Amino acid sequence: MEVIKKIYKYSEPNLTLVGWMGFVGFPFYYYVWCYIFPQTYESLWLRIVGAILFSGIAFRKYFPKSLQKYIPAYYLVTVGLCLPFFFSYMMFMNNWSTVWTMSFMASIFLHILLVHDTRVMAAQAILCIAAAYLLAYVLNSSAPSVYVVWEYIPIFTFTYVFGTLFYFRNQAEHETKVSIAKSFGAGIAHEMRNPLSALKASFEVLNSIIPSKTKANGAYYHLSNQELDLIEEIVTDADETIQNANQTIDLLLTSIDETRVSTSTFRKHSMCEVVEGAIKSFPYKKAADEQAIKFIVLKDFDFLGSETLLRYSLYNLLKNAFYYQSSSDFHITVMLRSVGNYNQLIFRDSGAGIEPDVMEHIFKDFYTVGKSNSYGLGLPFCSKVMGAVGGDISCRSELGMWTEFILSFPRYDSTAVGKLKMELMRDKSILYIGNTTVLERHLLEQSFYKGYRLNSIDVTAALDKQEYEFEFDIVLVDLDSLSGQRDKFKVLESRLTFTEGRIVYLYDKRNTYHSDFDRHLTIFPIEKSYFLNNSQEVFNELMFESPLSDRNLVPKKATVYGKTIMIADDNHSLRTYTAIFLEKQGYHVIQAQDGEQAIQQLEEHPIDLVLMDIEMPKVDGIEATNVIRHSEHEYSDIPILAHTGDSSRISIDKIQSAGMNDYIIKPAEGTILMDKISDWL
C-alpha cells in the first residue's frame, strides 16, 4: 500500500486532466474508429467501462470520506485496465493492424508516465497483456487470425525497457536532489540544536551558581545587587532566545518534508495561553516594545491546532507591526472574542497602514513591499496555518492610521473541527496488543469508518518486536491477555519505554490486576466496557487533548490476610527479613532452612503458599518441589513461588519444569512480593 500511495502521490498533480481525457476520449475514439476511419473490430462496452473508470479519477475528490483511502488502489486498477489491457486487447482483435500497433505504443508511454514505480509497472504490464491475450485468443470463440507479429515484439520491449530506464533516471535524480535538500535542512537544524543545548546547559549551571539577593551579602559573595540584576536579565534573555530558536527549528523540522502546513501535531490548546506565551517570548529589539502591546481577553477559547505554528504566525504579525510603526505613540492591541459561530483573535496596530492596491496581494507567496531582507513568506504562512486549522485570516486597514488582522477559528465543538479531526484520524496509527475478539472486532470496525491504520497483534508477536517498532500514535494493551504472565508483561513494558505514543491499559472492572507498572511509563487506564461504548470520545481525547494519567484506576488485587505462608531459604537474614515483612502485612509465617524441612513443615502444618529458594543444602528447591508435586498428600497442588536470584532462561525453564507456579527475582520490592502472593492466594 505504501508503494501504491507513492505512485498515486507522484501522479496527483495531473490526475484530473488524465481522468477527463479518458472520460471523453474513450467514447470519442469509438466514433473515430467506427465511422471516420473504420477498423476491423471495436467494442462499445469496453469503452463504456473505460470511460466510467476514468470518470472516477476525474471526480475522485467528491468520493465519500470512507472511500478516499481506496483511491490510490482504484487509480492503479484503472490505469492497468484502460492502458496495457485495453490497448493490447484491441491490437490483438484487429490482427495487429498498424493503427492499433501505434496506439499500443502510445499507451506504453502513458503507462510509464502514470506508474512511476518500475516493478509495479512491469508486473502490471505483464499481467494485463497476458490477460488480454488470453481473452482474445483462448476464451474468444472467434479468435483473430494473426496470433503474433514477432517483428513488433522487440520494438515494444525496447520501448518499455528504455523508456522506463530514462524515466527512472530522471526520477532518481529528482529524488536525490530532494533527499539532499531534506538532509541539508535537517542537518542544519540538528547541528543548531547542539550549540543551543550546550548554551542552555551552561546558563543553567550559571543560574545555579548565582546566589539570590538575600544571600549575596554574605562574606563569600562579591557581586552587587545591580550586577545580580544584570546577570539575571542576561540569563533570562538568553533563555528566551534559545526557546525562540528551538521553536523555529521545530517549525523547520515539521515542515521540511511538506509543501503544506503539517497537521500531525495538532492538539487542543487554550488561545489565551498561546498568545501570552508568544508575547512573552517574542525577541523584541527594545525593552519598551513589549510595553506597547495590550492584551485583552473578552473570552478565552480552545482551538485545534499546533501551538508552535500559531505562535510563529503571531511572531510574523508582531514583526511586521514593529517594522511599519510610524509614530512615537505606536501601540498594538491583541483581543480575543467570540462572534457567531467563530472565535476570533483581533490583531490591531497603529502603524503606517496598507495601501488599497497592495491589500489584495499581501497573502500571496513572495510578495513584499518596502522591506529589505524579506522573502514575503510571513503572511502567506499565517494564511496557510489558518487554513489548516479550519479558519481564515483577513485584513483591513486605513492608510497612515491602523491595520487590523482578524484570525477566525471555528469553535472547538463545531462541525468544522469535527471534520478536521476525522481527516487527522486518517493519518493516525493504532496498535492493539491482545487477543480479546470483541475488542479487536470493534477496533477493526472503527478503523474502517474512521480511517485510522490499525495493527492488531498478540502478546507473543509484540514481544518479538524491537523498541523502534512501537512507533504508533496510540498503543492499546489488553491487561487480561497478560493475566498471570508477569515476566512477559515486564518485557513488553521495557519495549514500550521509547514510544512517543499514548499507552493505554484496557482493564475489566470485574477483574483485579497487579500494580507493578513501570514507573517511567505514562499510562492511561481505560475500562473496557466504557471504551467499547465511547471509543470515539476516548480517541478524540487521546489524540487531540491532554488526558490525565491515573494508574490507580486499575483495580488492584485485594490482599488476603490471615493466610499461612512458608518461607524456605537457607539465607537466615533474608528469610527473617521477608518473614517480618509478611507478618506485618497480616500473614502467618512458617520458616524452613532447606527443602527437607519444607516438606516436614507441609506434613505438620496447614500451609496456603510456599516461597521456595532454589539453591539450598540437603534438598534444593527444585528437588523439594518435585517431591511435593508427586506426593499423594493434599498439599501436592499448593502454590509454590520460586524465590531466586537467577533470572536466566535455563533457570526459568527448570522452575517451570519442576511444577512451580511462578517466580520472584530477589531481592524483590515489597509491592512486587505482595502482588505475586496476591496472584496465588
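Details of the structure are given in the entry above.
Because the structure is predicted, anything quoted here is derived from the model rather than measured.

Asker: Please provide a residue-by-residue account of the overall build of the chain, values included.
Answerer: For the chain, the count of helices and strands is 23 helices and 17 strands. Per-residue burial over the chain gives 44% buried out of 681 residues. Restricting to contacts in the chain with at least 6 residues of sequence separation, those with at least 24 account for 70%.

Asker: An account of the sheet that holds strand β9 (residues 453–457) is needed here, citing residue identities and associated values.
Answerer: Within the open sheet, the five strands sit side by side as β9-β8-β10-β11-β12. Their pairing is parallel. Looking along the sheet, the strands with just one partner apiece sit at the ends: β9 and β12 (523–527). Averaged over all pairs of adjacent strands, the angle between their axes in this sheet comes to 20°, without regard to strand direction. The pairing of strand β10 (residues 474–478) with strand β11 (residues 502–507) spans five bridges and is parallel. When the bridges of β11 are listed, valine 475 appears paired with isoleucine 503. This element, helix α14 (residues 437–450), spans β8 (429–433), β9, β10 and β11 of the sheet and lies at about 165° to β9. On top of the sheet, helix α18 (residues 535–544) reaches β8, β10, β11 and β12; it is set at about 130° to β10, its chief contact.

Asker: Before we move on, could you go through helix α16 (residues 486–496) and cite the residues and values that matter?
Answerer: If you check which residues of α16 are buried, you get Arg486, Phe489, Leu492, Glu493, Arg495 and Leu496. On the buried face of α16, the contacting elements are β8, α15 (459–463), β10, β11 and α23 (670–680).

Asker: Mind laying out unusual backbone geometry, listing which residues take part and the relevant values?
Answerer: Notably, asparagine 95 is not glycine yet its phi reads approximately 55°, a positive angle. Following the sequence through the fold, asparagine 95 ends up in the loop between α4 (71–93) and α5 (98–114). Judged by its relative accessible area of 25%, asparagine 95 falls in the partly exposed class. Positive phi, normally seen in glycine, also occurs at lysine 618, with a value near 65°. Given the relative accessible area of 66%, lysine 618 is considered exposed.

Asker: Before we move on, can you summarise the pattern of salt bridges with the specific residues and values?
Answerer: Inspection of every chain in the model, using the stated rule, returns ten salt bridges. For arginine 311, the salt bridge identified is with glutamate 307, shortest N-O distance 3.1 Å. You can see arginine 311 and its partner glutamate 307 sitting in helix α10 (residues 307–323), four residues apart, about one turn around the helix. Since its relative accessible area comes to 10%, arginine 311 is described here as buried. Where glutamate 493 meets lysine 490, a salt bridge forms, and the shortest distance between an N and an O atom there is 3.5 Å. Of this pair, glutamate 493 and lysine 490 both sit in helix α16, separated by three residues, roughly a single helical turn.

Asker: Go over the side chain of aspartate 613, please, and point to the residues and values.
Answerer: Summarising the element assignment, aspartate 613 is placed in strand β15 (residues 609–613). Setting aside chain neighbours within four positions, we find aspartate 613 in contact with Ala568, Asp569, Asp570, Gly621, His643 and Lys666.

Asker: Before we move on, could you go through the packing of aromatic side chains and cite the residues and values that matter?
Answerer: Two aromatic rings are characterised by how far apart their centres lie and by the angle between their planes. Under the defined criterion, the tally for this structure stands at 37 aromatic pairs. A ring pair is formed by phenylalanine 86 and phenylalanine 87, whose centres lie 5.3 Å apart and whose planes are at 85°; its orientation type is edge-to-face. By relative accessible area, phenylalanine 86 is classed as buried at 3%. Between the aromatic rings of tyrosine 152 and phenylalanine 156, the centroid separation amounts to 6.1 Å while the plane-to-plane angle is 45°, which identifies the pairing as tilted.

What counts and how
Residues numbered from 1 in each chain as written. Predicted model: local features only at pLDDT ≥ 70, side-chain atom pairs only at ≥ 80, totals over all residues. Heavy atoms only, no water. Helix = DSSP H or I, 4+ residues; strand = E, 2+ residues; numbered from the N terminus. Buried < 20%, exposed > 50% of the residue type's maximum accessible area, 1.4 Å probe, protein only. Contact = heavy atoms within 4.5 Å. Pairing = 2+ DSSP bridges. Axes fitted to C-alpha atoms, helices over the stretch in contact; angles between N-to-C directions. Salt bridge = Lys/Arg side-chain N within 4 Å of Asp/Glu carboxyl O. Phe/Tyr/Trp six-rings, centres within 6.5 Å; stacked < 30°, edge-to-face > 60°.

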